[in-house]
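Summary of the model geometry
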Amino acid sequence: MAKNSPDKLYQSTIRAVAFGENVTVVEPVNIYECAIGTDSFIGPFVEIQKTVKIGQRTKIQSHTFVCELVTIGDDCFIGHGVMFINDLFEEGGPAMGDTSKWKSTTIGNQVSIGSNATILPVEICDGTVIGAGSVVTKDIKTKGVYVGNPAKLLRKL
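No experiment lies behind these values; they were computed from the predicted model shown. (Residues numbered from 1 in each chain as written. Predicted model: local features only at pLDDT ≥ 70, side-chain atom pairs only at ≥ 80, totals over all residues. Heavy atoms only, no water.)

Structural notes on the environment of glycine 127
Let me state the cut-off plainly: Only DSSP runs of H or I with at least four residues qualify as helices, and only runs of E with at least two residues qualify as strands; both kinds are numbered from the N terminus onward. Exposure categories follow from relative accessible area, calculated using a 1.4 Å probe and restricted to protein chains: below 20% of the type maximum is buried, above 50% is exposed, and the middle band is partly exposed. We call two residues in contact when some of their heavy atoms are within 4.5 Å.
Structurally, glycine 127 is set in the loop between strand S17 (123-124) and strand S18 (129-130). Under the relative-accessibility criterion, glycine 127 is labelled buried at 12%. C-alpha separation for the pair glycine 127 and serine 104, spaced 23 residues apart in sequence, amounts to 20 Å. Residues within four places of glycine 127 in sequence aside, it is in contact with Asn109, Gln110, Val111, Lys143 and Leu157.

Structural data, given as structure tokens:
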């Protein structure tokens with residue numbers, strides 16, 4: 001016979017977060033063991049995992065997933081549904097929780113990332129714009145507008 005409830009139930013939460021002053025969070029969210037800078041905004045249906053650092057005055061829109069090992073600078077805009085990835089499946093499948101196989105991502109200051117972009121473990125320099133739907137697979141060291149899959153420089157800024 002079918003059951004009316006799961007064996008395990010985890011609820012979204014805000015737990016052990018270091019918040020700066022004047023941070024706005026729109027629930028429901030799942031934010032834990034991370035740091036969020038002063039005057040930042042976190043939209044609904046966002047998950048921010050442990051060890052993540054979000055800079056000051058940064059806005060993260062709804063439905064975005066920020067995994068462990070991500071650092072986002074000051075004055076950034078992260079659009080709706082942006083996905084950050086830390087596991088590259090380098091051995092043909094997921095790391096299965098082996099964090100030694102994960103890689104980090106660093107987003108500079110004043111970076112804008114359009115909706116539904118996917119950001120693999122990379123470094124993105126200050127002042128860069130990532131177009132909606134782009135997939136960033138390599139470090140971005142030149143300030144500009146990047147679009148496509150894989151993301152390529154459209155024009156310098």
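After presenting the structure, the write-up continues.
Thoughts on the nonpolar core
We count it as follows: What is meant by a nonpolar core is a set of buried Ala, Val, Leu, Ile, Met, Phe, Trp, Tyr and Cys residues, joined one to another through side-chain atoms within 4.5 Å.
Counting residues in each nonpolar core, the largest one holds 32 residues, and the members touching the most others are Ile48, Ile72, Phe84, Ile107, Ile113, Ile119 and Ile124. Phenylalanine 84 has contacts with Thr64, Phe65, Val66, Cys67, Val70, Ile72, Ile78, Thr105, Ile107, Ile113 and Ile119, leaving out every residue within four places of it along the chain.

Some points on unusual backbone geometry
Peptide bonds are, in most cases, trans, and in most cases residues other than glycine have a negative phi. For the bond running from glutamate 27 to proline 28, omega is 5 degrees, close enough to zero to count as cis. Positionally, proline 28 belongs in the loop between strand S3 (24-25) and strand S4 (30-32). Between asparagine 149 and proline 150 the backbone carries a cis peptide bond, its omega angle lying at 0 degrees. Its location among the elements puts proline 150 in the loop between strand S20 (144-147) and strand S21 (152-156). A positive phi angle, near 50 degrees, is found at glutamate 33, a position not held by glycine. Among the secondary structure elements, glutamate 33 is positioned in the loop between S4 and strand S5 (35-36).

Digging into the pairing of S21
Quick reminder of the rule: Paired strands, in this sense, are two strands between which DSSP finds at least two bridges.
Within S21, only 0 of the 5 residues are buried, which leaves the element largely exposed. One ladder, built from 4 bridges, connects S20 with S21; its direction is antiparallel. Looking at S21, one finds that tyrosine 146 is bridged to leucine 153. Connecting S20 to the next strand, S21, in antiparallel fashion are 4 residues, including glycine 148 with a positive phi near 100 degrees.

Some thoughts on the sheet that holds S17
With parallel pairing, 6 strands are arranged side by side in an open sheet as S2-S5-S8-S11-S14-S17. Two strands lie at the open edges of the sheet, namely strand S2 (18-19) and S17, each paired on one side alone. In this structure, S5 lies alongside strand S8 (residues 53-54), joined through 2 bridges in parallel fashion. Across the sheet, residue isoleucine 36 finds its bridge partner in S8, namely isoleucine 54.

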